[in-house]
Every structure is written in C-alpha cells, then in structure tokens.
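# Structural description and commentary
So the chains spell out like this:
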Amino acid sequence: ELAICATDLAEVIGTAIGLNLIFGIPLEIGVIITALDVFLILYLQRLGFRWIEAHYRDDPNPGYLGGVRRDGSRIPFDPESVRPPLDAVGHPSAYKAMNPHIHLLEAYTELLRAWPDPLLRRRTEELLLFVRDRFYVEPGALHLLLTPEGRPVPGPDSFGHDVETTFLLLAAEE
C-alpha cells in the first residue's frame, strides 16, 4: 500500500510540475487540477460503460455487437444478402469479432479497479468467460469471428492477439 501511495503521489506531483513548466501554473493549483482531472476521467469512464451496455451489448445473445453506428443504432444485417453490410473494420456487421471483445475486457478490468460497481463486475466476469469459452480454441489459438449466436466462423489466426489475450485473461482473473 505504501508503494502504491508513493507511486500515485509521484504521478500527481509530476503532473503538477509539468503543468507548471508548460503553462506556468503554480504547483498547488496543478495538484488540484490533477485531482479534479482524475475525477472527471472516472466520471467519463462510467458514462462510457453505461453507453456501451445500452447500445453495444447483444442481449439476449452472449457478447457485444460488432455493427453499431456512432449514434448507438445497429447496422441492419440480412443473412440472406450476398453483400452484407460491414462494420468499421470490414467484418460482416452481425459477426462478433475477437478484438473488440478482448479490449473491452481490458477496459472493464481496469475500470473495475477504480470503480467496484456490481454490474461492471458481472459484465467483466461474463466477458472473461465469453472470450475464454467462445473465442479460445485448442491448442491456444483464437477464433477471429463468431456468428451472432456465438458459433466460430472458420478463418485465419492472429498469433499476436493470442499472446495478448492470454495476458488480458490473466489480468481479468485477478
């Protein structure tokens, strides 16, 4: 605990010194700005969590949607279409991609450390199980895409994501 406090104190003082050097702000005011900045970021993270849950979560199916517009509306998907609409990275909009799920798991894990909200904890645990049980496949590779129902879509492997996901799963388990 002492080491954590010392690290946090160094970050606050370092930021205050940076504000002083760049903008000429007195150190005392820089410390106050830094503290307020932390609360603002935590508030914005909570708003982001609520937006994601309201627009991106695929209830009642497992996981999160891939085809969502910036305004939160879903990109229409017709499974009979020869050319289905694509999400921002070029996947069919109804598919669930591994990359957003692992990075959402990473973001939720970090937010949970600062904001121990019961719903956030439950969603983090659900994401952990979803990534582990749906995307992961023996002998240690990951499916890149799942159907809307959560079934794997055959395709290539991304070794770097396999390694990264291992670390993210371990961090989320803590």
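The present account deals with the structure reproduced in this document. Nothing here was measured: the structure is a model prediction, and the numbers come from that model. All residue numbers refer to positions counted from 1 along the written sequence of the respective chain. Only residues with pLDDT of 70 or above have their local features reported here, since the model is predicted, and side-chain atom pairs are shown and tallied only from 80 upward, although totals for entire chains, interfaces and linings are computed over all residues. Side-chain figures throughout are based on the complete set of non-hydrogen atoms in the structure, without hydrogens or water.

A run of DSSP states H or I qualifies as a helix once it reaches four residues; a run of E qualifies as a strand once it reaches two. Both are numbered from the N-terminal end. For a helix, the expected span equals 1.5 Å multiplied by the residue count minus one. Look at helix α4 (residues 118–135): 25 Å from first C-alpha to last across 18 residues, which is about the 26 Å you get at 1.5 Å a residue. Taken as a whole, α4 has its buried residues at Leu-120, Arg-123, Thr-124, Leu-127, Leu-128, Phe-130, Val-131 and Phe-135. Mapping the buried residues of α4 onto a view down its axis gives an arc of 165 degrees, with all of them on the same face. For α4, the N-terminal capping position is held by Asp-117, with its side-chain oxygen 3.1 Å away from the main-chain nitrogen of Leu-119. Exposure is judged per residue with a 1.4 Å probe applied to protein chains only, and the accessible area is read against the type maximum: over 50% gives exposed, under 20% gives buried, and values in between give partly exposed. Directions pointing from the helix axis toward each C-beta atom define the arc. Under this definition, polar contacts are N or O atom pairs within 3.5 Å; protein pairs additionally need one hydrogen-donor-capable and one acceptor-capable atom, and for neighbouring residues in sequence, both atoms have to be side-chain atoms.

With that settled, consider the pattern of salt bridges. For salt bridges, the criterion is a side-chain nitrogen of Lys or Arg within 4 Å of an Asp or Glu carboxyl oxygen. For the structure on display, the rule yields 10 salt bridges. A salt bridge links Glu-126 to Arg-57; its shortest N-O distance comes to 2.9 Å. With Glu-126 in helix α4 and Arg-57 in the loop between α2 (27–55) and β1 (96–97), the pair connects residues that are 69 residues apart, well separated along the chain. On the basis of relative accessibility, which here comes to 29%, the residue Glu-126 falls in the partly exposed class. One network of salt bridges, with partners in common, ties together Glu-53, Arg-57, Asp-59, Arg-123 and Glu-126.

Take the sheet that holds β1 next. Two strands form a pair only when DSSP identifies at least two bridges running between them. Pairing within the open sheet is antiparallel, and its three strands lie in the order β1-β4-β5. Looking at strand neighbours, the two that pair on one side only are β1 and β5 (152–153), the edges of this open sheet. In terms of strand pairing, β1 meets strand β4 (residues 145–146) through two bridges, oriented antiparallel. In the sheet register, Lys-96 faces β4, and the bridge partner there is Leu-146.

Further remarks concern the packing of aromatic side chains. Note on aromatic pairs: the rings of Phe, Tyr and Trp (six-membered ring only in Trp) are paired at centre separations within 6.5 Å, and the planes decide the class, stacked below 30 degrees, edge-to-face beyond 60, tilted for the rest. Evaluation of the coordinates by the stated rule reveals five aromatic pairs. With a centroid separation of 5.7 Å and an interplanar angle of 80 degrees, the aromatic rings of Phe-49 and Trp-115 are classed as edge-to-face. In this pair, Phe-49 sits in helix α2 while Trp-115 sits in the loop between α3 (98–114) and α4, placing the two residues 66 residues apart along the sequence. Taking the relative accessible area as the measure of exposure, Phe-49 reaches 3% and is therefore buried. With 5.5 Å between their ring centres and 90 degrees between their planes, Phe-130 and Phe-135 make a pair best called edge-to-face. Summarising the burial analysis for this pair, Phe-130 and Phe-135 share the class buried.

Inspection of the secondary structure puts Arg-151 in the loop between β4 and β5. Along the primary structure Arg-151 and Tyr-95 are separated by 56 residues, whereas in three dimensions their C-alpha atoms are 9.6 Å apart. Aside from chain neighbours lying at most four places away, what touches Arg-151 is Leu-145 and Leu-146. Contact between two residues is taken to exist if any of their heavy atoms lie within 4.5 Å; hydrogens are not considered.

Lines fitted to C-alpha atoms define the axes, with helix axes restricted to the stretch in contact, and inter-axis angles between N-to-C directions lie between 0 and 180 degrees. Packing of α3 against helix α5 (residues 159–173) brings their axes to within 10 Å, and their N-to-C directions diverge by 30 degrees. Taken together, the axes of α3 and α5 are roughly parallel relative to one another. Here α3 and α5 pass one another in a crossing that is left-handed. Judged by residue contacts, Met-98, Asn-99, Ile-102, His-103, Leu-105, Glu-106, Thr-109 and Arg-113 of α3 engage His-161, Glu-164, Thr-165, Leu-168, Leu-169, Ala-171 and Ala-172 from α5. Gly is placed with the polar residues, together with every amino acid not listed as nonpolar (Ala, Val, Leu, Ile, Met, Phe, Trp, Tyr, Cys and Pro) or charged (Asp, Glu, Lys and Arg). Tallied by class, residues from the contact of α3 with α5 come to seven nonpolar, five polar and three charged. Here the word oblique covers every angle except those under 35 degrees (roughly parallel), over 145 (roughly antiparallel) and from 65 to 115 (roughly perpendicular). Note on convention: the crossing is left-handed when the near helix lies turned anticlockwise from the far helix by less than a right angle, right-handed when the turn is clockwise.

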